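Each chain, letter by letter, is given below.
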Amino acid sequence: VDVIRKNGFIEEVVAPNLNLARQETKGLEFGMGYTMRLGALMIRPQIDHSHLLTSQEEVFPGLGFRNKLDEAGRPEWRNTSSLSFGLFNHGLRVMARTIAGQYQIAHLSNPNDMRRIPTYTEYDMHYDYAQLFGGQLSVGVKNLFGSNRPIDNSAGFQNRFNPQLYDQIGRLYYMGYQYSFL
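Conventions we followed
- Throughout, a residue's number is its position along its own chain's written sequence, starting from 1.
- In keeping with the predicted nature of the model, local features appear solely for residues at pLDDT of at least 70, side-chain atom pairs appear and are counted solely at 80 or more, and the whole-chain, interface and lining totals rest on all residues.
- Only hydrogens and water are removed before side-chain values are computed, so all heavy atoms of the structure are retained for them.
- Each Phe, Tyr or Trp ring (for Trp, its six-membered ring) is paired with any other whose centre lies within 6.5 Å, and the angle between the two planes then decides the class: stacked below 30 degrees, edge-to-face above 60, tilted in between.
- The buried label applies to any residue whose accessible area, calculated with a 1.4 Å probe on protein chains only, is under 20% of its type's maximum; exposed applies above 50%, and partly exposed to all values in between.
- Two conditions define a charge sitting above a ring: the NZ of Lys or the CZ of Arg must be within 6 Å of the ring centre, and it must be within 35 degrees of the ring normal.
- Per residue, pLDDT measures the predictor's confidence, with a range of 0 to 100.
- Secondary structure is summarised from DSSP: a helix means a run of H or I of at least four residues, a strand means a run of E of at least two, and numbering begins at the N terminus for each.
- Without a salt bridge and with relative accessible area above 30%, a residue can belong to a patch; like charges are then joined within 9 Å and nonpolar side chains (Val, Leu, Ile, Met, Phe, Trp, Tyr) within 5 Å.
- Exposure was quantified through the Shrake-Rupley algorithm and a 1.4 Å probe, taking into account, for residues, occlusion by the shown protein chains and nothing else.
- The term salt bridge refers to a pairing of a side-chain nitrogen on Lys or Arg with a carboxyl oxygen on Asp or Glu at a separation within 4 Å.
- Only heavy atoms matter for contacts: two residues are in contact if any of them lie within 4.5 Å across the pair.
- A 3.5 Å cut-off defines polar contacts: any pair of N or O atoms within that distance qualifies, except that in protein one atom must be a possible hydrogen donor and the other a possible acceptor, and neighbouring residues in sequence count only when both atoms are side-chain atoms.
- In short, DSSP must find at least two bridges between two strands for them to pair.

### Some remarks on the packing of aromatic side chains
One pass over the structure, following the stated rule, counts three aromatic pairs. Note on Tyr179 and Phe181: the rings are 4.9 Å apart at their centroids and 70 degrees apart in plane angle, and the pair reads as edge-to-face. Given a relative accessible area of 76%, Phe181 falls into the exposed group. In this arrangement the basic side chain of Arg116 is found over the ring face of Tyr103, its NZ or CZ atom lying 4.7 Å from the centre.

Given below as C-alpha cells:
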C-alpha cells in the first residue's frame, strides 16, 4: 500500500484491488395453490410471492452495513398470480407478474430525491392442447397488453431501463410442440 502525502495531508492511497465487500439479504418466499374439480373442469388458482426484509451491503469492513432495499433495482417484493383451467385435453392459464416500485437511481446520490419507479404488472396467457398426434401443442402471449416497462428518468441514457428486472422484448408470441419418443 502506497500513501501519497502533500503538505502533510493524505492525497492518495494506492492499494491492490481487494474484494472485501459483504452483502446480507433476508426475505420470505411462499406459494399457495389449490386445485378444484367441477366435473371434467379443473380450476387452479395459485400465488407465488417473494418479499425481502433486508438487503444490506458493507462496501468495506468496519464502515457498517447500509440497507439498499427499495433502491433502484432492489424492489421490496415480487408476486406471480395465476389462474389455470383444464377441460379434457385443453388447458388455459392467465398470469399476472408484478414487481414492486422502488426509488429511482438519483436517490443513491441524493437521499432527498424521492422520485420512484412505479409498481409494474405484466399479464400473460398460455393455451395448450394435449394428445395432438401423441404430443402437446402450446401457444401463448407474454405481456398480453403490450405494457411499456417502467424507466428511470433520473438515470443517464445507459441506465434508464433495468434488464435484470424487466424484459425488454415487449409483447412476445410463442408456439411450441412437444413429443416424447419414449
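### Thoughts on the confidence of the model for the chain
Predicted confidence across the chain gives a mean pLDDT of 91, with 98% of residues reaching 70 or more. The element-level mean pLDDT for the chain is lowest in helix 1 (residues 106-109), coming to 86, with strand 7 (residues 77-87) highest at 98.

### A few points about a nonpolar patch on the surface
Judged by side-chain polarity, Leu18, Leu20, Val59, Phe60 and Leu63 come together as a nonpolar surface patch covering roughly 520 Å² of accessible area. Position of Phe60 relative to the elements: it lies in the loop between strand 5 (41-58) and strand 6 (66-67). A relative accessible area of 46% places Phe60 in the partly exposed class.

### A word on the environment of Gln23
In this structure, Gln23 sits in strand 3 (residues 22-33). A C-alpha to C-alpha distance of 4.4 Å links Gln23 and Glu57, two positions 34 residues apart in sequence. If sequence neighbours within four positions are ignored, Gln23 has contacts with Gln56, Glu57 and Arg74. A distance of 3.1 Å separates polar atoms of two side chains, one belonging to Gln23 and the other to Glu57.

### Re the pattern of salt bridges
Overall, the coordinates contain ten salt bridges when judged by the stated rule. Three or more residues joined by partner-sharing salt bridges are found here, namely Arg97, Glu122, Asp124 and Arg149.

### Topic: the environment of Thr119
Take Thr119: it is sitting in the loop between strand 10 (116-117) and strand 11 (120-132). According to the relative accessible area criterion, Thr119 is partly exposed, its value standing at 48%. Sequence separation between Thr119 and Gln102 is 17 residues; the distance between their C-alpha atoms is 7.6 Å. Once residues lying within four places of it in the same chain are set aside, the contact partners of Thr119 are Trp77, Thr98, Ile99, Ala100 and Gly101. Here Gly101 takes part through its backbone nitrogen, which lies 3.0 Å from a polar atom of the side chain of Thr119.

### Considering the pairing of strand 2 (residues 9-14)
Buried residues are scarce in strand 2, accounting for zero of its six residues. Sheet topology note: the strand 1 (residues 2-6)/strand 2 ladder contains five bridges and is antiparallel. Paired with Arg5 across the bridge in strand 2 is Ile10. Between strand 1 and the antiparallel strand that follows it, strand 2, lie two residues; Asn7 among them carries a positive phi value of about 55 degrees.

### Points about unusual backbone geometry
Here the phi dihedral of Asn7 falls at roughly 55 degrees; this positive angle occurs in a residue that is not glycine. For Asn7, the position within the fold is in the loop between strand 1 and strand 2. Its relative accessible area of 73% is what places Asn7 among the exposed residues. A positive phi is found at Asn143, a non-glycine position, where the angle reads about 60 degrees.

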